[in-house]
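Here's the letter readout for the chains.
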Amino acid sequence: GDGGSGQGGPWMNIFTEELLQNPGRDVVHVTITTRGRLLSAQFQLAQDELALTASLVINQLPAANVADASLGGAPRPAKTAAACTFRVNKEVLASSQVREEEMGKLRRWVENEAPGRMLVCGVGGAGKTTLARMFAARAAAEGLQEAVFFLSMSDGNCSEEYVELAKKLEVGANVQALQKMSEEKLRAHVHGLLSSDEWEGRWLLVLDDLPDPGDEGISWVARDFPFGSGKTLVTSRSPDWAKEGGELTWRQVTLQGMTEAEACGWVRRRVPAWEGDEAGVLELVRKLG
């Protein structure tokens, strides 16, 4: 996939499946079969159904692990947090080991107090969304923050996801009232919840695939989003996001694509039977480019 298409992960899933089911076939044949399956109407329908039915992953920290300094360090009730709007499984968590250096940078950023903004940038297909998803999954699984959210922002319209955020952030939220709100009022309501005393400093939120900050449809992000109230990870092809609000308010990770070593590690984790066949895995990686 080209990154923007979101097809990179599904392509490799099918490719790996074909290799496992047909170990005697050459790479060219498997690639052709994979491409055919990926473009089929049945696959597209399955992907649509997966997107529609994938439930929010819930992450809840034990109350004993959450202390509030204002209460003298006494435990406070843990919040139930919507983790990510995609399925998190062992495969996703394991594949995060491919980008251990970048994952380490993101972890250190979350664990330190400032700054609250992180930009992951790079050309299309470099792996920005994949890295953000894997890190959000790990952050949710390990409880790095009480609430971990993942929003797709490619078209600037996130009303449905903002309704879901409000439902998780606000006990007894009136869903019908939220759905009737204008986009501007809904955003203001959710931003108010994120910056409230109840939630300030307790969340990590991914704004994935943001266009250039000068894009008219997305200008409200730089203007209105409560960056200072939690940890916000932005993925974008545009490095100009690091200039919004002042360069000292951001950390930045720039992706250049996988190295051969990273790609080989990724393949071995996806096909455990190839563990130890270093030469064969390297040959496959080089053939695939």
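Residues numbered from 1 in each chain as written. Predicted model: local features only at pLDDT ≥ 70, side-chain atom pairs only at ≥ 80, totals over all residues. Heavy atoms only, no water.

On to helix α6 (residues 128-142). Over its 15 residues, α6 runs 21 Å from end to end, which matches the ideal 21 Å to within 8%, given 1.5 Å per residue. All of the buried residues along α6 are K128, L131, A132, M134, F135, A136, A137, R138, A139 and A140. Within two residues after α6, G143 carries a phi angle of roughly 70°, on the positive side. (Helix = DSSP H or I, 4+ residues; strand = E, 2+ residues; numbered from the N terminus. Expected span 1.5 Å × (residues − 1). Buried < 20%, exposed > 50% of the residue type's maximum accessible area, 1.4 Å probe, protein only.)

A few words on the sheet that holds strand β7 (residues 250-254). Pairing in this open sheet of 5 strands is parallel, and the strands run β4-β5-β6-β3-β7 from one edge to the other. The open sheet has two edge strands, β4 (147-152) and β7, and neither has a second partner. Taken over all neighbouring pairs, the strand axes of this sheet differ in orientation by 15° on average, direction set aside. As judged from the 5 bridges shared by strand β3 (residues 117-121) and β7, these two strands associate in the parallel manner. Considered in β7, the bridge of L119 is made with Q252. (Pairing = 2+ DSSP bridges. Axes fitted to C-alpha atoms, helices over the stretch in contact; angles between N-to-C directions.)

Moving on to the pattern of salt bridges. In total, this model carries 8 salt bridges according to the counting rule given. Here R187 makes a salt bridge to E183, at a shortest N to O gap of 3.7 Å. You can see R187 and its partner E183 sitting in helix α9 (residues 183-194), 4 residues apart, about one turn around the helix. A relative accessible area of 40% means that E183 is categorised as partly exposed. A salt bridge links E260 to R286; the nearest nitrogen and oxygen atoms lie 3.0 Å apart. Taken together, the positions of E260 in helix α11 (residues 260-270) and R286 in helix α12 (residues 278-288) put the pair 26 residues apart, joining distant regions of the chain. (Salt bridge = Lys/Arg side-chain N within 4 Å of Asp/Glu carboxyl O.)

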